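Structural overview for review
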Amino acid sequence: MRWRGPADGRRHRRLAPAVVLALALLPLAALLGACSGAGGGSPSAAPGAGVSVVTTSSVFADLVRQVGGSRVDVVSLVPRGVDPHTFEPKPSDAARLAGARLIVMNGLGLDDWLAKTIESSGSTAPVVRLGENVPGVDYIAGGGAVEPNPHLWLDVSYAMKYVDRIADALAAADPAGATAYRDGAAAYRSRLGDLDRWVRDEIATIPPADRKLVMYHDAFPYFTRAYGLTAVGTIVNAAGQEPSAGELAALIDAVKASGAKAVFSEAQFPPNLVQRLADETGARVVSDLYDDALGDPPLDTYEAIIRHDVEQLVTALRPAGSS
Ligand SMILES: [Zn+2]
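Model, not experiment: these values are computed from the prediction.

Remarks on the pairing of strand E1 (residues 51-55)
The buried count for E1 comes to four of five residues, which makes it a mostly enclosed element. Summarising the sheet, E1 and strand E2 (residues 72-76) pair through five bridges and their orientation is parallel. When the bridges of E2 are listed, Thr-55 appears paired with Ser-76. Viewed along the sheet, the connection from E1 through helix H3 (residues 58-68) into E2 turns out right-handed. Looking at chain direction, E1 and strand E3 (residues 102-105) are connected through three bridges and run parallel. Bridge pairing links Val-54 to Ile-103 in E3.

Below you can see the structure in the form of structure tokens.
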């Protein structure tokens, strides 16, 4: 309604009526164009069509999209393939937050940079912290500056709890869509239940003595606990912080002593340290796991990255020739 302000009114009075009409309709046309382009829904659909949701990680953006379907218009501030721990928001991110009806983050230290950006954006949209104070979650100590470890979603049964929280938040932001969100969440939870069982079955094909791994950063403690693997160590203590020579030497000793067959890193991190660890220990390198961020298609959904990671783990840890 800004175009009907007093300043515009004064300007309009000096213009021919046809021009005034054109000027008055222009913002409306632009608005309608933007609505129809957003979620594919028509602007005359339910008032909640194209609910604007901004998330930190691309992983959470996918969870919101799976629950909200065409009712939501989701963007993640952290691009695919970028580490959310060390992400530095740009001024354009504040503009995105200013237009959001719902803001979704993990919390627990993963994406705390968001608080400042929300403040500078002036947004008053509700903020959902998916990972904090979740009933039924047994939190694991972070072992560093971040407490507890924030990577709950890599245990698929915990990702299902994120889905519930997202469905509740969407229903609160857009009550007209409450049934659609409940149904979307139920269908997605069912698929995630299948995924959880599939992960269990796949990991079970690795001989128990070989279910050991070394990770680049400490993203997998909920995953390893849920699916019966053991993390021998991590290369970096905190995101963006490389190990000292002494820490790396200790990790090399630990990997050798454990007999871990593979060292895993993620697509968003440089491979040099992982390669060095592998060279020193004889362990195999797998450097394209996904955890904190999605990848390019077809690895652009949560379900796809979990399947991809498990396939990589099983291939690296299962003895050749077994199945
Ligand atoms: Zn992480």
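Further notes follow.
A short note on the side chain of Ser-57
Among the secondary structure elements, Ser-57 is positioned in the loop between E1 and H3. By relative accessible area, Ser-57 is classed as buried at 2%. Beyond its immediate stretch of four places on either side in the chain, Ser-57 contacts Ser-76, Val-78, Asp-292 and Ala-293.

A word on the environment of Ser-190
For Ser-190, the position within the fold is in helix H7 (residues 178-203). For Ser-190, a relative accessible area of 43% corresponds to the partly exposed category.

Considering unusual backbone geometry
Cis geometry marks the peptide bond from Pro-297 to Pro-298, where omega comes out at 10°. Turning to its location among the elements, Pro-298 is positioned in the loop between strand E8 (284-289) and helix H11 (302-317). In this model, Asn-133 sits at a positive phi of 50°, which is unusual for a non-glycine residue. With respect to the helices and strands, Asn-133 occurs in the loop between strand E4 (127-129) and helix H6 (156-173). Taking the relative accessible area as the measure of exposure, Asn-133 reaches 68% and is therefore exposed.

Observations regarding the confidence of the model for the protein
Predicted confidence across the protein gives a mean pLDDT of 84, with 82% of residues reaching 70 or more. Predicted confidence for residues 1-48 stays below pLDDT 50, and this span has 22 contacts to residues more than four positions away or in other chains.

Things to note about the coordination of the zinc ion
For the zinc ion, every protein donor is listed as His-85 (NE2), His-151 (NE2), His-217 (NE2) and Asp-292 (OD), and the spread of their distances is 1.9 to 2.1 Å. Given four donor atoms and angles of 97 to 131° at the metal, the environment of the zinc ion is assigned as tetrahedral. Taken in sequence order, the residues that donate to the zinc ion follow the motif H-x65-H-x65-H-x74-D. One end of the pair, His-85, is in the loop between E2 and helix H4 (91-98); the other, His-217, is in the loop between strand E5 (212-215) and helix H8 (221-227), and 132 residues separate them in sequence. As far as the burial class goes, His-85 and His-217 line up, both buried.

Some words on the nonpolar core
Val-53, Val-67, Trp-153, Leu-170, Phe-223, Phe-264 and Tyr-302 are the most contacted members of the largest nonpolar core, which has 65 residues in total. Residue contributions to this core peak at ten residues, all from H6. With sequence-adjacent residues up to four places away left out, Trp-153 is seen in contact with Val-59, Phe-60, Asn-106, Leu-110, Ala-159, Tyr-162, Asp-291, Asp-292 and Tyr-302. Of all hydrophobic cores here, the second largest spans 15 residues; its members include Ile-235, Leu-248, Ile-252 and Ala-283.

Remarks on the pattern of salt bridges
Per the stated rule, a full pass over the model turns up ten salt bridges. Put simply, Arg-189 and Asp-164 hold a salt bridge, and the shortest N to O gap is 2.8 Å. Highlighted residues: Arg-189 in helix H7 and Asp-164 in helix H6, separated in sequence by 25 residues. A residue is classified by how much of its surface remains accessible, and Arg-189, at 30% relative accessible area, is partly exposed. We note a salt bridge from Arg-197 to Asp-194, for which the minimum N-O separation is 2.8 Å. Of this pair, Arg-197 and Asp-194 are both found in helix H7, three residues apart, which corresponds to roughly one turn of the helix. Classification of Arg-197 as partly exposed rests on a relative accessible area of 49%.

The rules behind these values
- Residues numbered from 1 in each chain as written.
- Predicted model: local features only at pLDDT ≥ 70, side-chain atom pairs only at ≥ 80, totals over all residues.
- Heavy atoms only, no water.
- Buried < 20%, exposed > 50% of the residue type's maximum accessible area, 1.4 Å probe, protein only.
- Helix = DSSP H or I, 4+ residues; strand = E, 2+ residues; numbered from the N terminus.
- Pairing = 2+ DSSP bridges.
- Right-handed = clockwise from strand over helix to strand, strands pointing away.
- Contact = heavy atoms within 4.5 Å.
- pLDDT = per-residue confidence, 0-100.
- Donors = N, O, S within 2.8 Å, 3.2 Å for Na, K, Ca; no water.
- Tetrahedral: all angles 85-135°; square planar, octahedral: opposite > 155°, others 65-115°.
- Core = buried A, V, L, I, M, F, W, Y, C linked by side-chain atoms within 4.5 Å.
- Salt bridge = Lys/Arg side-chain N within 4 Å of Asp/Glu carboxyl O.

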